[in-house]
Amino acid sequence: MITPPSGVAGVLVTLALLASGSMGERERSLRLPNATYPLFYQLHISSDIHKGQLLFSGNATIDVAIRQSTNEIVLHAKNLTDIQITVHRLAAEGSVIVDDLTHTLHPTAALLIIHPTVNYQAFVEGQQYRLEILYTAIMTSRPAGLYYMDYRDEENNHTVYVAATQCEPTYGRLIFPCYDEPGFKSNFSIKITHGSSHSAISNMPVKEVLAHGDLKTTSFHTTPPISTYLVAFVISDFGSISETYRGITQSIYTSPTSKEKGQVALKNAVRTVAALEDYFGVSYPLPKLDHVALKKNYGAAMENWGLITYKEVNLLKNISSDGYKRKLDMITQNHEIAHQWFGNLVSPEWWTYTWMNEGFATYFSYVITDLIYPNEKMMDMFMTHEADSAYSYNSFFDVHPMSHYVEGEKDIMGVFDIISYKRAACVIKMFHHAFRQKLFVRGISHFLEKYRYSVANELNLFDALQSELQDDEYFSLQPWASRISEIMLSWTHSEWLPILVVTRNYENNTITFSQRSVHMKDELWWIPINFATTQSPNFEDTQVDMFMPPEPQYTVSLEDLKIQVSGRDWIMVNKQHTGFYLVRYDTDNLMAIARQLQTNHSVIHPINRLGLFRDLGPLIEHNEIEQVEVVFELLKYLEFEEDVLTWNQLQDTIDCLTRNLHGTSSQSLFNEFVRRLVGPTFRRVYVEHGVNLAEDGMSHGILEIACSADLPECLEYTRRLAKEHIIDKIYFKDGSDYHAIIDSVLCMGVRYLSDQDFQRIIDMMQEIDRGSVYYDDIIYALRCTQSHRHLLYYLEGLMGENSTHMVLSEFEDLMYLLYIYKSNLASRPVIWQYIERNYKVLCRAPNFMEHFKQLAGFVPRHQRSHFERLRQTIASHMMQEGLNSNQTLIEANSPLVGKKMKITENFQDKFEQQIHKWLLNELPQASSRSDALLSASLSAANGSSRPQGVLKEATRVLRSALRIVDMYR
């Protein structure tokens, strides 16, 4: 047990736990009452983690002010044991022990309630009390509260144990009794007693270290007011490297042998803190900022004030580390550094406003990094890593407004999601541009200064912005200038994002704006709009020209907007796509934009070119486009498009068109059209520039488009890389950041294997460790083959009754079959053939009924009779064998059969003839499908060392596959 702090008079009073039915066990709010408030914490933790002992003891001495007379003081405590409490009433003349108190634990709400043994208002408004709470607890291996990890010291041949904290969002209560809500900010004086072989670091610099035997007690300077979720300390034997700039010492802490790997992170941290100080005009208030590389951490990093913890893979790197991962890690580090202002200096009043922490840290980490490293194109990375996710967030997830009230621990964890990070970042970006960047930053700076060391809510933020706009000579004259809170609330309290429809009336020179939610929800926004036109193609000035009010429809004249355009001119809104909404134009305006793209696409900003296809994507996907020809007219210019992000955005659109045209007379024509578009860019990026896939990380969309359309150079490129990986065992760089790239390369590289190469890989797999990542890579890649016979052999070998490569469980078999069906269009007739051959085995699986129902959703109408016969055969067999008697096989006439093909079939009915005619006009010398595919496949083998006989065999296999696919159409 820890000895109470010296100087505290009185006798220790142990407070007993009340019996069942006490006041602690009544129904209670999960929120702390506001009757009391913590003024000051003295926290002393003792740990023998250096010996591998997980038990730790604590003394939390808390000075508490009584705001309103009450019969209880309520704190949070969870999984703390051996609790002993002494309560003193503090007064000018000294302190007096209050000895008629006891305490109750409320496990459901994780509350520690101190109250009189006989109920009365023991705590009087205006008084102050000191709670001295002794307790013990056990560290866990999970990064929550005080947790432990270990690493192997190879030099001294022993295991080293390390302890670290993770208090956000509600884990402080696992370390010490506290007011564990962000709105309760207090000063902390922290002491750590630990083994002499280890050292301790915390939020503030070390004040003194006292040795006693084989232990040391490290005391730290008192913190400024902070929320409990930011309290942090680490007990370790780590070494460090440091640099001091502008009076702030920054250090990288690592295991002793890894110190030099922190050099890159240290230099970046020093530059970023200085840049943030300069950008916002608000100084970093602490004398130091530590960055600690841990084997385990909750998430990639945690922004504790003055002591940021990271997973070591996100902080440490060799000088030779590839550029792509280096940029990702830089953003991770700068996100946490930005939190030192957003969340630490000013904290959210409650978790309702988590987005005020995470959204600002996310967005400004990119802004600052882009300013420091202008050649790295960090705002492009924002588009791919943040905005793309924010735009695609859909009903498969728990959608909620940015400002979203929660109470329980699980619900609080739930607000740390795409909405609070990515959507909020996009909304902040929108107003950063709409309100003019410098003015917006001034408003944020005043907000940070006003609420420094305190807490705030969204209205406090909006008021700060309101003051700046009303002081501005231009904005103060705008009709919406006094309604900033109303404008902002329309975004922070809506669940979805708006679609803005821009319809020009070419006769009376007006524009009608219509808005609706992407999910038809009854929501309306104040939408910031700006304009670029043929006669004024200025995309650089992104401040707002007008706000569309929260009305379904709003018409304004071009004269009122001071816009000059002729009938054939184009108008575009949402310059640089800074506004977080989708835009749809009338067909005539889209055609005008297409003409501009074909004449000189560089007139339109690259991000607006990207935005065009992002906005059109849902229309194409849901067959809502008015005239499909306009889509192809917009696509035509792409053979001159060099912007990688635009190509990445296009991938979904081209995939959708490919899927919808599969099996039609337009399929080969469309592939040839795509090859014409993507060929120049693919050759520039992959052939002429020789891009390093692992280091680039942003251009593999080009590769997938090119190979899916059978561009010969792409097939050769991926075939070579796949051969190096699979046959020569020259492995790709490992890591989660590269899994998508590796999969793309291997998938495309095995699309057209010869029988000989396919068999060679199958033979190799007999010798490979089936638990290895290498084995998984090959198994997963082979799903992409376009050969009917190879696919059938693959399915039989992977999942058949006599499987020789069994790596999936019985439950996973059908799930994977469904995945292949969705992802490889060539597999669909093969999979039905496989089911026809193996239904007697497959129907024994417990999940067969559900997955067969899902597969039935993809039955095209021309295969309906075949499906009905197969379904009847399976049903008869299952009845005969008494299988799954408590479930029913989907009926042949169920509306679910073929349901997922309806959009594709409707697309074909509505547009295929128009597309075919357009493609024939555009490609007058178009080759047939078989010849185009065959040519691409054979060209992919150019330069190969394969014998001529293998190429002939490849030709035969491909022709065979094409004939079989045709049979199933």
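Parameters at a glance
- Residues numbered from 1 in each chain as written.
- Predicted model: local features only at pLDDT ≥ 70, side-chain atom pairs only at ≥ 80, totals over all residues.
- Heavy atoms only, no water.
- UniProt positions renumbered as here; feature names shortened; annotations may be inferred.
- Disulfide = S-S within 2.5 Å.
- Buried < 20%, exposed > 50% of the residue type's maximum accessible area, 1.4 Å probe, protein only.
- Helix = DSSP H or I, 4+ residues; strand = E, 2+ residues; numbered from the N terminus.
- Pairing = 2+ DSSP bridges.
- Axes fitted to C-alpha atoms, helices over the stretch in contact; angles between N-to-C directions.
- Contact = heavy atoms within 4.5 Å.
- Nonpolar A, V, L, I, M, F, W, Y, C, P; charged D, E, K, R; others polar.
- Right-handed = clockwise from strand over helix to strand, strands pointing away.
- Polar contact = N/O pair within 3.5 Å; in protein donor to acceptor, adjacent residues only side chain to side chain.
- Salt bridge = Lys/Arg side-chain N within 4 Å of Asp/Glu carboxyl O.
- Core = buried A, V, L, I, M, F, W, Y, C linked by side-chain atoms within 4.5 Å.
- Domains from an automatic or database assignment.
- Phe/Tyr/Trp six-rings, centres within 6.5 Å; stacked < 30°, edge-to-face > 60°.
- Lys NZ or Arg CZ within 6 Å of the ring centre and 35° of its normal.
- Parallel < 35°, antiparallel > 145°, perpendicular 65-115°, else oblique.
- Left-handed = near helix turned anticlockwise from the far one by under 90°.

Under an unreviewed UniProt entry, the name given to the protein is Aminopeptidase, and the source organism is Drosophila simulans. Quoted verbatim from the Sequence similarities (unreviewed entry) field of the UniProt record, the comment on the protein reads "Belongs to the peptidase M1 family." Comment text from UniProt for the protein, heading Subcellular location (unreviewed entry), reads "Cell membrane".

A. Representation of the state of the cysteines. Going through the model one piece at a time under the given rule, you end up with two disulfides. Note on cysteine connectivity: cysteine 707 is disulfide-linked to cysteine 714, with sulfurs 2.0 Å apart. Here cysteine 707 and cysteine 714 share a disulfide; its torsion about the S-S bond, -100°, makes the bridge left-handed. Note on accessibility: cysteine 707 and cysteine 714 belong to one class, buried. Put simply, cysteine 747 and cysteine 784 are joined by a disulfide, and their sulfur atoms are 1.9 Å apart. Here cysteine 747 and cysteine 784 share a disulfide; its torsion about the S-S bond, -105°, makes the bridge left-handed. Taken together, the positions of cysteine 747 in helix H20 (residues 739-749) and cysteine 784 in the loop between helix H22 (773-781) and helix H23 (788-799) put the pair 37 residues apart, joining distant regions of the chain. Accessibility expressed as a relative area gives 6% for cysteine 784, which makes it buried. In the protein, the bonded cysteines, taken in the order they occur along the sequence, pair up as 1-2, 3-4.

B. Geometry of the sheet that holds strand E7 (residues 111-116). Ordered by their spatial adjacency, three strands build an open sheet running E3-E7-E6, and the pairing between neighbours is antiparallel. Where the open sheet ends on each side, the last strands, each with one partner, are strand E3 (73-76) and strand E6 (101-106). Across this sheet, the average inter-strand angle for adjacent strands is 20°, counted without regard to direction. Here four bridges tie E3 to E7, and the two strands are oriented antiparallel to one another. Across the sheet, residue isoleucine 73 finds its bridge partner in E7, namely isoleucine 114.

C. Representation of the UniProt feature "active site" (unreviewed entry) in the protein within the structure. Mapped onto the present numbering, the UniProt feature "active site" (unreviewed entry) falls at Glu336. In this fold, glutamate 336 is placed in helix H3 (residues 323-339). In this structure glutamate 336 comes out as buried when scored by relative accessible area, which is 6%.

D. Expanded view of the packing of helix H7 (residues 418-434) against helix H8 (residues 437-450). It is at 6 Å that the axes of H7 and H8 come closest, and there the two elements cross at 115°. In this structure, H7 contributes Ile428, Phe431, His432 and His433 to the contact, and H8 contributes Gln437, Phe440 and Val441. Among the residues making up the contact of H7 with H8, the classes are represented as four nonpolar, three polar and no charged.

E. Structural view of the pairing of strand E17 (residues 248-254). Across the seven residues that make up E17, a large majority, six, are buried. Sheet topology note: the strand E16 (residues 239-245)/E17 ladder contains seven bridges and is antiparallel. Along E17, the bridge assignment pairs isoleucine 241 with isoleucine 252. Adjacent in sequence and paired antiparallel, E16 and E17 are bridged by two residues, among which arginine 246 carries a positive phi angle near 55°. In terms of handedness, the path from E17 via helix H1 (residues 263-280) over to strand E18 (residues 288-294) forms a crossover that is left-handed.

F. Region of interest: the side chain of arginine 871. The topology assignment puts arginine 871 in helix H27 (residues 864-881). A polar side-chain atom of arginine 871 sits 3.3 Å from the main-chain carbonyl oxygen of leucine 889.

G. Spotlight on the sheet that holds strand E10 (residues 158-166). Ordered in space as E9-E10-E15-E12, the four strands form an open sheet in which the pairing is antiparallel. The sheet terminates laterally at strand E9 (145-153) and strand E12 (199-202), the two strands that pair on one side only. Put simply, the sheet's adjacent strands are angled 15° from each other on average, direction ignored. Here E12 pairs with strand E15 (residues 233-236) via four bridges, running antiparallel. Bridged to isoleucine 201 within E15 is valine 234.

H. Representation of the pattern of salt bridges within the structure. Counting across every chain of the model gives 35 salt bridges. Across the salt bridge formed by glutamate 922 and arginine 676, the nearest N and O atoms sit 2.8 Å from each other. Note that glutamate 922 is positioned in helix H28 (residues 902-922) and arginine 676 in helix H16 (residues 667-688), a separation of 246 residues in sequence. Its relative accessible area of 19% is what places glutamate 922 among the buried residues. Arginine 676 gets classed as partly exposed once you look at its relative accessible area, which sits at 26%.

I. A look at the UniProt feature "binding site: Zn(2+)" (unreviewed entry) in the protein. UniProt annotation of "binding site: Zn(2+)" (unreviewed entry) refers to His335, His339 and Glu358 when read in the numbering used here. Annotated residues spanning 24 residues; largest pairwise C-alpha distance 8.5 Å, indicating a single compact cluster. Considering the arrangement of structural elements, one finds histidine 335 in helix H3. Note on histidine 335: relative accessible area 9%, which makes it buried. Apart from the residues within four sequence positions on either side, histidine 335 is in contact with Glu358, Ala361, Thr362, Ser365 and Tyr421. Position of glutamate 358 relative to the elements: it lies in helix H4 (residues 354-372). The class for glutamate 358 is buried, based on a relative accessible area of 1%. With residues near it in sequence (within four places) discarded, glutamate 358 still touches Glu168, Glu303, His335, His339, Phe416, Ser420 and Tyr421.

J. Spotlight on the nonpolar core. Residues Phe431, Phe435 and Phe632 are the most contacted members of the largest nonpolar core, which totals 227 residues. Per element, the largest residue contribution to this core is ten residues, and it comes from H4. Here this core spans two domains, since at least three of its residues come from each of domain 1 (32-237) and domain 2 (346-493). One finds Met764, Ile778, Tyr821 and Met878 within the second-largest nonpolar core, a separate group that totals 58 residues.

K. Region of interest: the pairing of E9. Relative to E10, E9 runs antiparallel, the two sharing nine bridges. From the neighbouring strand, tyrosine 148 faces E10, where its bridge partner is alanine 163. Hairpin remark: E9 followed by E10, antiparallel, with four residues in the connecting loop; positive phi at asparagine 157, about 55°.

L. Representation of the packing of aromatic side chains within the structure. Applying the stated rule across the entire model yields 54 aromatic pairs. Seen in terms of ring centroids, phenylalanine 475 and tryptophan 480 are 5.7 Å apart; in terms of plane orientation they differ by 55°. Their pairing is tilted. Each member of the pair, phenylalanine 475 as well as tryptophan 480, is classed as buried. Taken together, the aromatic side chains of Phe431, Phe435, Tyr474, Phe475, Trp480, Trp491, Trp525, Trp526 and Phe547 make up a single cluster linked through ring pairs. Just above the ring of tryptophan 350 sits the side chain of arginine 31; from NZ or CZ to the centre is 3.6 Å.

M. Structural context of the packing of helix H5 (residues 378-392) against helix H13 (residues 606-621). Packing of H5 against H13 brings their axes to within 13 Å, and their N-to-C directions diverge by 30°. Viewed along their axes, H5 and H13 adopt a mutual orientation that is roughly parallel. For the pair H5 and H13, the crossing hand works out as right-handed. Facing Met383, Ala387, Asp388 and Tyr391 of H5, the residues of H13 in contact are Ile607, Leu610 and Arg614. Here the contact of H5 with H13 is composed, by residue class, of five nonpolar, no polar and two charged.

N. View of helix H18 (residues 700-708). Counting buried positions along H18 yields seven of nine residues, so the element is predominantly enclosed. Three or more residues of H18 are buried, namely Gly701, Ile702, Leu703, Glu704, Ile705, Ala706 and Cys707. Count one or two residues on from H18 and you reach aspartate 710, which has phi positive near 65°.

O. Structural view of the environment of tryptophan 350. Tracing the sequence through the fold places tryptophan 350 in the loop between strand E21 (346-348) and H4. Between the C-alpha atom of tryptophan 350 and that of phenylalanine 184, which follows or precedes it by 166 residues, the distance is 9.6 Å. Ignoring any residue separated from it by four or fewer positions in sequence, one finds tryptophan 350 in contact with Arg31, Glu181, Pro182, Tyr405, Val406, Glu407 and Ile412.

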